[in-house]
Amino acid sequence: MAILDEWKAVAYDNKQDRYHLEKFWNNYFEKEKGVYAILLKNPDKVYKGTVHDLAEQFGLTDLEMAGFLDGIQESLKEPNPIETMEADTEVSLCYDLEKLYRNMVDARAEWLYTLPEWDNIYSKDKQHDILISQRKSHTVHVKKIGRNDPCPCGSGKKYKFCHGRKGAEPLPGYEQ
C-alpha cells in the first residue's frame, strides 16, 4: 500500500469518533503550520530528499509527510509521484509562491495564508489583492428567472409552462 493511501486511511477514518478525528486534524494542522513557517522563511530554498528524510527534517512522521505532500502537490512546479510514493521515494518541495498562497486561500486555510512569514514575501496590500482576486475567481453569478417571466428560450411561453416545468430540460446558465 502506498504511503498516501495509509495517510488517507488514518486521516479520513469514518470509524473514528468525531473527538479523536478532530484532535488528529488539529494536531496535524499545527505541525503543517510549522512546516510552512520553515518553508516561507527561506522561500527560494528547494527541499529535496526521501519522504522519510524530509519528515525527519520537519519533525513529522512519514504518514504526516505524505499528507503534507498531498496538500502542497497543486502548488509545486514539478509534481511528486504522491500516488505511488513510499517512505524511500525521492521528492522535492519546489513550489510557486503565488500559487501556494492562492491554494491556501482556496482551501480556506486561514491559519496558513495569515502566517507572519508571508509578510516578508508579499506586502499586506499584495496579500489582500491575491486573497480578493482568488475569492472572486470562484464567484458564480446565476441568472434567476421568475415563474411568470417569458422563457429565455424564445418560445413565447411563460417560463413555468416551458423550461420551468417539472422534468423539463434546464437552460444552461440559469438557476432552476
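Residues numbered from 1 in each chain as written. Predicted model: local features only at pLDDT ≥ 70, side-chain atom pairs only at ≥ 80, totals over all residues. Heavy atoms only, no water.

Comments concerning helix α1 (residues 3-11)
Here is step 1 of the chain: All of the buried residues along α1 are I3, L4, W7 and A11. One side of α1 holds all its buried residues, which, seen down the axis, span an arc of 100°.
Here is step 2 of the chain: Lining the buried residues of α1 we find α2 (18-41) and α4 (62-72). (Buried < 20%, exposed > 50% of the residue type's maximum accessible area, 1.4 Å probe, protein only. Helix = DSSP H or I, 4+ residues; strand = E, 2+ residues; numbered from the N terminus. Arc of directions from axis to C-beta. Contact = heavy atoms within 4.5 Å.)

Let's talk about the nonpolar core
Here is step 1 of the chain: In terms of nonpolar packing, the biggest core is built from 39 residues, with Y36, L39, F58, M65, F68, I72 and L93 touching the most fellow members.
Here is step 2 of the chain: When residues of this core are traced back to their parent elements, those giving at least two are α1, α2, α3 (51-58), α4, β2 (90-93), α5 (97-106), α6 (110-113) and α7 (124-136).
Here is step 3 of the chain: With six residues, α2 is the single largest residue contributor to this core.
Here is step 4 of the chain: Setting aside residues up to four positions removed in sequence, F68 forms contacts with Y28, E32, V35, Y36, L39, L60 and L93. (Core = buried A, V, L, I, M, F, W, Y, C linked by side-chain atoms within 4.5 Å.)

Concerning the packing of aromatic side chains
Here is step 1 of the chain: All chains considered together, the criterion is met by 15 aromatic pairs.
Here is step 2 of the chain: Consider the rings of W7 and F24, whose centres lie 5.5 Å apart with planes at 40°: the pair is tilted. One end of the pair, W7, is in helix α1; the other, F24, is in helix α2, with 17 residues separating them in the sequence.
Here is step 3 of the chain: On the accessibility criterion, W7 (3% relative accessible area) is buried.
Here is step 4 of the chain: Relative to W118, the ring of Y101 lies with its centre 4.8 Å away and its plane at 80°, an arrangement referred to as edge-to-face. Of this pair, Y101 sits in helix α5 while W118 is found in the loop between α6 and α7, placing the two residues 17 residues apart along the sequence.
Here is step 5 of the chain: Ring-pair connections join several aromatic residues into one group, and the members of that group are W7, Y12, F24, W25, Y28, F29 and W111. (Phe/Tyr/Trp six-rings, centres within 6.5 Å; stacked < 30°, edge-to-face > 60°.)

Details of the packing of α1 against α4
Here is step 1 of the chain: For the pair α1 and α4, the least separation of the axes is 8 Å and the interaxial angle reads 95°. Considered as vectors, α1 and α4 are oriented roughly perpendicular to each other. Contacts between α1 and α4 involve I3, L4, E6, W7, K8 and V10 on the former and, on the latter, D62, L63, E64, A66, G67 and D70.
Here is step 2 of the chain: Residue composition of the contact of α1 with α4, by class: six nonpolar, one polar and five charged. (Axes fitted to C-alpha atoms, helices over the stretch in contact; angles between N-to-C directions. Parallel < 35°, antiparallel > 145°, perpendicular 65-115°, else oblique. Nonpolar A, V, L, I, M, F, W, Y, C, P; charged D, E, K, R; others polar.)

Description of a negative patch on the surface
Here is step 1 of the chain: Taken together, the side chains of D5, E6, D53, E56, E83, E86, D88 and E90 make up a negatively charged region of the molecular surface.
Here is step 2 of the chain: Among the secondary structure elements, those contributing two or more residues to the negative patch are α1 and α3.
Here is step 3 of the chain: Note that D88 resides in the loop between α4 and β2. (Patch = residues over 30% accessible without salt bridge, like charges linked within 9 Å, V, L, I, M, F, W, Y side chains within 5 Å. Areas by Shrake-Rupley, 256 points an atom, 1.4 Å probe, with all protein chains shown as cover. Salt bridge = Lys/Arg side-chain N within 4 Å of Asp/Glu carboxyl O. Lys, Arg positive; Asp, Glu negative; His and termini not counted. Charge placed at Lys NZ, Arg CZ, Asp CG, Glu CD.)

Describing the domain arrangement of the protein
Here is step 1 of the chain: Per the domain assignment, the segments making up the protein are domain 1 (1-136) and domain 2 (141-175).
Here is step 2 of the chain: In this structure, domain 1 and domain 2 have C-alpha centres spaced 44 Å apart. (Domains from an automatic or database assignment.)

Details of unusual backbone geometry
Here is step 1 of the chain: Residues other than glycine seldom take positive phi values, yet R108 does so here, at roughly 55°.
Here is step 2 of the chain: Take R108: it is sitting in the loop between α5 and α6.
Here is step 3 of the chain: Among the residues examined, R108 registers a relative accessible area of 69% and is labelled exposed.

Re the pattern of salt bridges
Here is step 1 of the chain: Scanning the entire structure with this criterion turns up five salt bridges.
Here is step 2 of the chain: Residue E22 pairs with R18 through a salt bridge whose shortest N-O separation is 3.9 Å. Pair noted here: E22 and R18 are both in helix α2, with a separation of four residues, about one helical turn.
Here is step 3 of the chain: Looking at R18, the relative accessible area reads 68%, which means it is exposed.
Here is step 4 of the chain: One salt bridge connects K124 with D119, and the closest N-O pair in it is separated by 3.2 Å.
Here is step 5 of the chain: Among the charged side chains, a network of salt bridges with common partners joins E98, R102 and K126.

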